[in-house]
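Residue-level structure breakdown
What follows is each chain in one-letter form.
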Amino acid sequence: MKPLLLFFFISFSMIAFAQDIKLKLASDVWPPFTNTPENKAFAIDLVRESLRRTGTEVVNEIVDFTNAIHGIEQGVYHGSSAVWKDNEREKYMAF
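Throughout what follows, the structure given in this document is the object of discussion. (Residues numbered from 1 in each chain as written. Predicted model: local features only at pLDDT ≥ 70, side-chain atom pairs only at ≥ 80, totals over all residues. Heavy atoms only, no water.)

Attention shifts here to the overall build of the chain. When helices and strands are tallied, the chain shows three helices and two strands. Its helices and strands in sequence order give the chain the pattern α-β-α-β-α, from N to C terminus. Within the chain, the proportion of its 95 residues that are buried is 39%. Summarising the internal contacts of the chain: among those between residues at least 6 apart in sequence, 66% fall at separations of at least 24. (Helix = DSSP H or I, 4+ residues; strand = E, 2+ residues; numbered from the N terminus. Buried < 20%, exposed > 50% of the residue type's maximum accessible area, 1.4 Å probe, protein only. Contact = heavy atoms within 4.5 Å.)

With that settled, the discussion passes to helix H3 (residues 65–74). Within H3, burial applies to Ala-68, Ile-69, Gly-71 and Ile-72. End-on view of H3: buried residues confined to an arc of 165 degrees, all on one side of the axis. Looking at the buried side of H3, the elements it contacts are strand E1 (21–27). Where H3 starts, the residue carrying a side-chain oxygen 3.2 Å from the main-chain nitrogen of Thr-66 turns out to be Asp-64. (Arc of directions from axis to C-beta. Polar contact = N/O pair within 3.5 Å; in protein donor to acceptor, adjacent residues only side chain to side chain.)

Time to look at the nonpolar core. Grouped together as the largest cluster of nonpolar side chains are nine residues: Ala-26, Val-63, Ala-68, Ile-69, Ile-72, Tyr-77, Val-83, Met-93 and Phe-95. With three residues, the top contributor of residues to this core is H3. In this structure, Leu-23, Leu-25, Val-47 and Leu-51 belong to the second largest nonpolar core, which totals five residues. (Core = buried A, V, L, I, M, F, W, Y, C linked by side-chain atoms within 4.5 Å.)

Here the focus is the pairing of strand E2 (residues 56–62). Of the pairings in the sheet, the one linking E1 to E2 comprises seven bridges and is parallel in character. Pairing of Ala-26 across the sheet is with Glu-61, part of E2. Since E1 and E2 lie parallel, the crossover through helix H2 (residues 42–52) that links them has a hand, and here it is right-handed. (Pairing = 2+ DSSP bridges. Right-handed = clockwise from strand over helix to strand, strands pointing away.)

Here we come to the side chain of Thr-54. Mapped onto the elements, Thr-54 comes out in the loop between H2 and E2. What makes Thr-54 buried here is its relative accessible area of 18%. Side chain to side chain, Thr-54 and Thr-56 meet in a polar contact 3.0 Å long.

Helical geometry note: an α-helix holds 3.6 residues per turn, so side chains three or four residues apart project in the same direction. For H2, every residue scored as buried is listed here: Ala-43, Ile-44, Val-47 and Leu-51. All buried residues of H2 fall inside an arc of 100 degrees around its axis, so they share one side. What points out from H2, more than 90 degrees from its buried face, is the exposed set Phe-42 and Arg-52.

The next subject is the packing of aromatic side chains. Inspection of the entire model under this criterion finds two aromatic pairs. Considering the side-chain rings of Trp-30 and Phe-33, the 4.8 Å spacing of their centres and the 45 degrees angle between planes classify their relative orientation as tilted. Seen in terms of ring centroids, Trp-30 and Trp-84 are 5.7 Å apart; in terms of plane orientation they differ by 70 degrees. Their pairing is edge-to-face. Of this pair, Trp-30 sits in the loop between E1 and H2 while Trp-84 is found in the segment after H3, placing the two residues 54 residues apart along the sequence. You can call Trp-30 partly exposed: its relative accessible area is 29%. Through successive ring pairs, a cluster of aromatic residues spans Trp-30, Phe-33 and Trp-84. (Phe/Tyr/Trp six-rings, centres within 6.5 Å; stacked < 30°, edge-to-face > 60°.)

Now the structure itself:
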């Protein structure tokens, strides 16, 4: 839980004064934190609402976990609403 919260706080602080920014995020299905659009997705909802309050629009795509990680690494996605910190991901993600 701590890594997830740290990710949120760093993300929010980096864009706290952002205006009209659109972030493209990717997550896999991990109920109830991330999920398909018709189901509850606590982390996605929390990130979307928090960033909306800063004027940042969020588009979440639900994809296979491997595709989400590779997409973030390659710059296809700006980040994820829920991803765990590890040594490999620290090379290309801010937590």
